[in-house]
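Examining the three-dimensional arrangement
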Amino acid sequence: MKRAILLLMLASTFVLSSCSKVLIDNNPDPQEWMRTHERGTVAYVDHFTGNYIVETFRGYSVVESLNGVAPRDFDLEYANFNSWGVQTTYNRTGNYFTQVRIVESRLSWQDALYVFDQINY
């Protein structure tokens, strides 16, 4: 009986200690964001679709706007431009966060324009 209670206590301790809670920061700090993400300058914007091209030190990245917010030319943005997929970007010039999808990265200007044309039409 004592062994059964001991085993039950050990099992419950193991189960309860393995539970964890992941906190999602809905209001990230812009200063911390800029320190931990790559900087890019908006090189071209299609204001009809909201898609744009960002120039980074590794080349050009094609970005698809997901929530209809399009930056202006020469805005400074911070994100992981080398990682494809949906992510959050911080526009330093406009001081706002937005959701985008990085379509391609590390492109030349000609390749970026080609991919940009493919996603717009």
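So, here is what we can say about the structure in this document. (Residues numbered from 1 in each chain as written. Predicted model: local features only at pLDDT ≥ 70, side-chain atom pairs only at ≥ 80, totals over all residues. Heavy atoms only, no water.)

The tendency in soluble globular proteins is for nonpolar side chains to be buried side by side. With nine residues, the main nonpolar core is built from Val-42, Val-45, Tyr-52, Val-54, Val-63, Ala-79, Phe-81, Val-100 and Ile-102. At the level of elements, strand 1 (38-45), strand 2 (52-56) and strand 6 (96-107) are the ones that each hand at least two residues to this core. Setting aside residues no more than four positions away along its own chain, Ile-102 makes contact with Val-62, Val-63, Asn-80, Phe-81, Ser-83, Trp-84, Gly-85 and Gln-87. Membership of the second largest hydrophobic core comes to eight residues, among which are Tyr-60, Val-62, Leu-107 and Phe-116. (Core = buried A, V, L, I, M, F, W, Y, C linked by side-chain atoms within 4.5 Å. Buried < 20%, exposed > 50% of the residue type's maximum accessible area, 1.4 Å probe, protein only. Helix = DSSP H or I, 4+ residues; strand = E, 2+ residues; numbered from the N terminus. Contact = heavy atoms within 4.5 Å.)

So, about helix 3 (residues 109-120). Helix length check: helix 3 (12 residues) gives 16 Å between terminal C-alpha atoms against 16 Å at 1.5 Å per residue, within 8%. Taken together, the buried positions of helix 3 are occupied by Ala-112, Val-115, Phe-116 and Asn-120. Along the long axis of helix 3, the arc covered by the buried residues comes to 130°, so they all point the same way. The exposed set on the far side of helix 3, more than 90 degrees from its buried face, consists of Gln-110 and Tyr-114. (Expected span 1.5 Å × (residues − 1). Arc of directions from axis to C-beta.)

Turning to the packing of aromatic side chains, a few remarks are in order. How two aromatic rings sit relative to each other is given by the distance of their centres and the angle of their planes. Tallied over the full model, the rule gives four aromatic pairs. Taking the centre distance of 5.3 Å and the plane angle of 85° together, the rings of Trp-33 and Phe-97 count as edge-to-face. Separated by 64 residues along the polypeptide, Trp-33 in helix 2 (residues 30-36) and Phe-97 in strand 6 bring together distant segments of the chain. A relative accessible area of 15% places Trp-33 in the buried class. Judged by centre distance (5.4 Å) and plane angle (80°), the ring pair of Tyr-44 and Phe-116 falls under edge-to-face. Here Tyr-44, found in strand 1, pairs with Phe-116, found in helix 3; they are 72 residues apart in sequence, far enough to count as distant. (Phe/Tyr/Trp six-rings, centres within 6.5 Å; stacked < 30°, edge-to-face > 60°.)

On to the side chain of Asp-46. In this fold, Asp-46 is placed in the loop between strand 1 and strand 2. An unpaired buried charge is present at Asp-46: no salt bridge exists, and Arg-101, the closest side chain of opposite charge, is 13 Å distant. Within the structure, Asp-46 has its side chain in polar contact with the side chain of Thr-49 (distance 3.1 Å). Not counting residues within four places of it along the chain, the set of residues in contact with Asp-46 comprises Asn-51, Phe-116 and Asn-120. (Lys, Arg positive; Asp, Glu negative; His and termini not counted. Salt bridge = Lys/Arg side-chain N within 4 Å of Asp/Glu carboxyl O. Polar contact = N/O pair within 3.5 Å; in protein donor to acceptor, adjacent residues only side chain to side chain.)

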